[in-house]
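# Fold and contact review
This is what each chain is made of:
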Amino acid sequence: HETLERAREMLRRAEDALDGGRAAEGTALIARVREMLRAATREQASEMTDEALMLRIEKIEALREEARNFVETCPAPGIKELMARAEEHARLAREHTRRGDLEEGAAEASIARNLFQRITETCAR
């Protein structure tokens, strides 16, 4: 959170610089923010443990159950196929994580989570 607060403050300063006609200063600040956020993202990804990822997958399972409840009565076309794709990505997330391939597991988990959320949002309308 500290990194995000620093980034927000730097972006505010960049905006002030740009508004004040100091384009070089504003652009330089934006470049520093971008690199700072990239570094924080890389650090967070490297700290991902199989335990943390399995916890994330468990949360996705709750989304899966919610989506499954909606699918039963959802009139949206193609929703059952979308559910099947989401479930396959969730399966792959668990499989990759069990094998220790955390990067692939995290990617599959994100895809599954997004698909389950999309199903829920589509069917809740």
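Not measured: the values here are computed from a predicted model.

Calculation rules
- Residues numbered from 1 in each chain as written.
- Predicted model: local features only at pLDDT ≥ 70, side-chain atom pairs only at ≥ 80, totals over all residues.
- Heavy atoms only, no water.
- Helix = DSSP H or I, 4+ residues; strand = E, 2+ residues; numbered from the N terminus.
- Rg over C-alpha atoms; globule rule 2.2 N^0.38 Å.
- Buried < 20%, exposed > 50% of the residue type's maximum accessible area, 1.4 Å probe, protein only.
- Contact = heavy atoms within 4.5 Å.
- Areas by Shrake-Rupley, 256 points an atom, 1.4 Å probe, with all protein chains shown as cover.
- Lys, Arg positive; Asp, Glu negative; His and termini not counted.
- Charge placed at Lys NZ, Arg CZ, Asp CG, Glu CD.
- Expected span 1.5 Å × (residues − 1).
- Axes fitted to C-alpha atoms, helices over the stretch in contact; angles between N-to-C directions.
- Parallel < 35°, antiparallel > 145°, perpendicular 65-115°, else oblique.
- Left-handed = near helix turned anticlockwise from the far one by under 90°.

Below, the discussion takes up the overall build of the protein. Counting its regular elements, the protein contains five helices and zero strands. Seen in sequence order, the protein has helices and strands lined up from the N terminus as α-α-α-α-α. Relative to the compact-globule value of 14 Å for 125 residues, the protein shows a C-alpha radius of gyration of 20 Å, a clear excess of over 25%. With the C-alpha coordinates of the protein rotated into their principal frame, the extents come out at 55 × 35 × 20 Å. Here the protein holds 125 residues, and 30% of them are scored as buried. The contacts in the protein between residues at least 6 apart in sequence include a share of 62% that link residues at least 24 apart. By element, 51% of the accessible surface of the protein is carried by carbon and sulfur atoms, the whole surface being about 8,400 Å². Put simply, the protein has 22 plus and 26 minus side-chain charges, and the middle of one group is 3 Å from the middle of the other.

Along the chain, Leu115 falls in helix H5 (residues 102-124). Taking C-alpha positions, Leu115 is 15 Å from Gly105, a pair spaced ten residues apart along the chain. Look past the residues within four positions of Leu115 in its chain and what remains in contact with it is Leu82, Arg85, Ala86 and His89.

Another point: helix H4 (residues 79-98). Between the first and last C-alpha of H4 there are 29 Å, a value that for 20 residues agrees with the 28 Å anticipated at 1.5 Å per step. Every buried residue belonging to H4 is among Ile79, Leu82, Met83, Ala86, His89, Ala90, Leu92, Ala93, Arg94, His96 and Thr97, and all of these are buried. Those residues of H4 that are buried lie in contact with helix H3 (50-71) and H5. Downstream of H4 by a residue or two, Gly100 has a phi angle that is positive, lying close to 90 degrees.

In the contact formed by H3 and H5, the axes pass within 9 Å of each other and the chain directions differ by 25 degrees. Considered as vectors, H3 and H5 are oriented roughly parallel to each other. Read as a crossing pair, H3 and H5 show a hand that is left-handed.

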